[in-house]
Amino acid sequence: QVQLVESGGGLVQPGGSLRLSCAAPGSFLSITTMGWYRQTPGNQRELVAVMPSGGTTNYGDSAKGRFTISRDNAKNTVYLQMNSLKPEDTAVYYCNAVILHNSLMQRNYWGQGTQVTVSS
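Reading the values: the criteria
Residues numbered from 1 in each chain as written. Predicted model: local features only at pLDDT ≥ 70, side-chain atom pairs only at ≥ 80, totals over all residues. Heavy atoms only, no water. Salt bridge = Lys/Arg side-chain N within 4 Å of Asp/Glu carboxyl O. Buried < 20%, exposed > 50% of the residue type's maximum accessible area, 1.4 Å probe, protein only. Helix = DSSP H or I, 4+ residues; strand = E, 2+ residues; numbered from the N terminus.

Details of the pattern of salt bridges
- According to the stated counting rule, one finds four salt bridges in the structure shown.
- Residue Arg38 is joined to Glu46 by a salt bridge in which the shortest nitrogen-to-oxygen separation is 2.6 Å.
- A relative accessible area of 36% places Glu46 in the partly exposed class.
- Salt-bridge contacts for Arg66 lead to Asp89; the nearest nitrogen and oxygen are separated by 2.7 Å. Here Asp89 lies in the loop between β8 (77-82) and β9 (91-102) and Arg66 lies in the loop between β6 (58-59) and β7 (67-72), a separation of 23 residues in the sequence.
- Taking the relative accessible area as the measure of exposure, Arg66 reaches 13% and is therefore buried.
- Exposure remark for Asp89: the relative accessible area of 0% places this residue in the buried category.
- In the salt-bridge network here, residues are joined through shared partners; they are Arg38, Glu46, Arg66 and Asp89.

Pasting the structure below:
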């Protein structure tokens, strides 16, 4: 079992920036994919950005051109740099990781969520 640890949410003014972090502590074979999703009340969770190991990074339409996802594989950590934030970016942001525990078991994990509020 892996408990993802998120940090970096908060209140920011429109046009400002925030950086989210998510670490996957523990012992396992590898991390297949790490990424970020977000959710607002009454809506489905939506993709912000995902970064597969050795694959193509994928951004949701709302994130393109403003957000950048990156990974530090040595630290099993994924980051989301969010620039030019808008009030419509206000949401709970969830970290996601697909972790390969061994050759027979791969599991999908979610963080507890971190609130991002963009408001003046």
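Next comes the rest of the account.
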